[in-house]
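Residue strings, one per chain:
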Amino acid sequence: MRRFLPAFISFVILTLLLEFCVRQGVISDTLFPAPSTVIQTLQELKADFLTAFKETLINVLLGLAISIVSGSLTAFLFSLSDLLKRAILPFAIFFQTVPIIAIAPLLVIYFGFGAPTVIASSFIVSVFPIIANTLMGLESASESQRDLFRVYHASRLQTLIKLKLPSAYSYIYSGLKISAGLSIIGAIAGEFVGGGGLGAMIDSARTQQRVDIVFGALLLLSLMGLLFMGVLTGAHKLITWRRPFASSSQE
């Protein structure tokens, strides 16, 4: 509670200040709706927001899951083969440097409208941090540790599982946190062109000049991101809490 209390107090103060400024006409409600208006809109369109939230959440989870599996496997292969890393890694970097909003129309052509385009967009945006961070972690083992495994004639697979993978944990965790946020961004970009979810609600509200709907969708997206961060943080604390017990039992 002590960690989150300053942020909560700041959020409450900013919300009340924005409400006061909008009510007094200091800020136009056509640019920034009052927080009470956003809450009222969320209540009035509760069914639409809930349906869109679920659709976006499912697509984000699927895109992130594909990124985690394929990105981790790709990083493992790169760590086992330097030739493969030099041959494929530049293409992964290319997809990371090209803006997803420029690729999204092509995804509609390839996958059609709907969930496949959104999932592919989420995957493309979120896969590179997993590859890069996992690969960096796998290569973080010291040379003396690698020499020790060579002395005992450990195979590449044994070195990967027993040396490189444990030392890469903190890097993998950092990559997951980055990719979790990027997967939401990629999904929304895909929904702008592929339709469905909160992205389609934002795009529709833009044409209607309904900033209250836009802010309501942004609030739900923020809650989705906080949910992801909370789950990852909880899993990280659980793993790091169990590690000392596992190591002590082995001793």
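These notes cover the structure that comes with them. What you see is a predicted model; the values in this text were computed from it and never measured.

Basis of the calculations
- Residue numbers run consecutively from 1 along every chain, following the written order of its sequence.
- The predicted nature of this model means local features are confined to residues of pLDDT at least 70 and side-chain atom pairs, given and counted, to a pLDDT of 80 or more, with totals for whole chains, interfaces and linings taken over all residues.
- The basis for every side-chain value is the complete set of non-hydrogen atoms in the structure, without hydrogens or water.
- Labels follow the DSSP assignment, with helices taken as runs of H or I lasting at least four residues and strands as runs of E lasting at least two, numbered in each case from the N terminus.
- When accessible area is computed with a 1.4 Å probe and restricted to protein chains, residues below 20% of their type maximum are described as buried, those above 50% as exposed, and intermediate ones as partly exposed.
- Throughout, a contact is declared for two residues whenever any of their heavy atoms are within 4.5 Å.
- For accessible areas, the Shrake-Rupley method is used with a probe of radius 1.4 Å. Any residue's cover is judged against the shown protein chains and nothing else.
- Counted as positive: Lys and Arg. Counted as negative: Asp and Glu. His and the chain ends are not counted at all.
- We put the charge of a Lys on NZ, of an Arg on CZ, of an Asp on CG and of a Glu on CD.
- Candidates for patches are residues over 30% relative accessible area with no salt bridge; among them, like charges are joined within 9 Å and nonpolar side chains (Val, Leu, Ile, Met, Phe, Trp, Tyr) within 5 Å.
- Salt bridges are defined by distance alone: a side-chain nitrogen of Lys or Arg within 4 Å of a carboxyl oxygen of Asp or Glu.
- Note on geometry: axes are C-alpha line fits, over the in-contact stretch for helices, and angles between N-to-C directions span 0 to 180 degrees.
- To sort the angles, those under 35 degrees are grouped as roughly parallel, those over 145 as roughly antiparallel, those from 65 to 115 as roughly perpendicular, and the leftovers as oblique.
- Note: crossing handedness is left-handed where the near helix turns anticlockwise from the far helix by less than a right angle, and right-handed where it turns clockwise.
- Take the number of residues in a helix, subtract one, and multiply by 1.5 Å to get its expected span.
- In this scheme, the bend at a residue equals the angle between the axes fitted to the seven residues that finish there and the seven that begin there.

**A short note on the overall build of the chain**
Link 1 in the chain: When you go through the chain residue by residue, the secondary structure sums to eleven helices and zero strands.
Link 2 in the chain: Counted from the first residue to the last, the chain has its helices and strands arranged as α-α-α-α-α-α-α-α-α-α-α.
Link 3 in the chain: By residue count, 36% of the 251 residues in the chain fall in the buried class.
Link 4 in the chain: The long-range share in the chain, meaning contacts at least 24 apart out of those at least 6 apart in sequence, stands at 73%.
Link 5 in the chain: For the chain, the exposed surface amounts to about 15100 Å²; the carbon and sulfur share of it is 71%.
Link 6 in the chain: Taking the average location of the 18 positive side-chain charges in the chain and that of its 13 negative ones, the two points are 11 Å from each other.

**A short note on a nonpolar patch on the surface**
Link 1 in the chain: Among the surface-exposed residues, Leu5, Phe8, Ile9, Phe11, Val12, Ile13 and Leu16 lie close enough to one another that they form a single nonpolar patch of about 690 Å² accessible area.
Link 2 in the chain: Within the secondary structure, Phe8 sits in helix 1 (residues 5-23).

**Brief notes about the packing of helix 4 (residues 82-97) against helix 6 (residues 115-138)**
How two helices sit against one another is set out by the angle between their axes and by the gap between those axes.
Link 1 in the chain: Two elements in contact, helix 4 and helix 6, have axes whose closest approach is 9 Å; the angle formed by their N-to-C orientations is 140°. By the angle between their directions, the pair helix 4 and helix 6 is classed as oblique. When you trace helix 4 past helix 6, the crossing you get is left-handed. Across the interface between the two elements, Lys85, Leu89, Ala92, Ile93, Phe95 and Gln96 from helix 4 touch Ile124, Val125, Phe128, Pro129, Ile131 and Leu135 from helix 6.

**Some points on the pattern of salt bridges**
Link 1 in the chain: Throughout the structure, instances matching the rule amount to six salt bridges.
Link 2 in the chain: Close ionic contact of Arg86 with Asp82 constitutes a salt bridge, the shortest N to O distance being 2.3 Å. A residue pair is termed a helical-turn pair when its members lie 3 or 4 positions apart in one helix, as Arg86 and Asp82 do in helix 4 at four residues.
Link 3 in the chain: On the basis of relative accessibility, which here comes to 54%, the residue Arg86 falls in the exposed class.
Link 4 in the chain: For the salt bridge of Asp212 with Arg210, the shortest nitrogen-to-oxygen distance reads 2.9 Å.
Link 5 in the chain: On the basis of relative accessible area, Asp212 is assigned to the buried category, the value being 10%.
Link 6 in the chain: The structure contains a network of salt bridges with shared partners spanning Asp82, Lys85, Arg86 and Glu139.

**Details of helix 4**
For an α-helix, the turn length of 3.6 residues means that residues three or four places apart are oriented alike.
Link 1 in the chain: Over its 16 residues, helix 4 extends 22 Å from the first C-alpha to the last, a length consistent with the 22 Å expected when each residue adds 1.5 Å.
Link 2 in the chain: Ile88 marks where helix 4 bends most, by close to 35°; the proline Pro90 follows one to four residues later.
Link 3 in the chain: Of the residues making up helix 4, those classed as buried are Lys85, Leu89 and Ala92.

**Brief notes about the side chain of Glu19**
Link 1 in the chain: Along the chain, Glu19 falls in helix 1.
Link 2 in the chain: According to the relative accessible area criterion, Glu19 is buried, its value standing at 17%.
Link 3 in the chain: Glu19 has contacts with Ala34, Pro35 and Ser36, leaving out every residue within four places of it along the chain.

**Side note on unusual backbone geometry**
Link 1 in the chain: The backbone of Gln209 sits at a positive phi, close to 60°, despite the residue not being glycine.
Link 2 in the chain: Along the chain, the position of Gln209 falls in the loop between helix 10 (197-208) and helix 11 (211-250).

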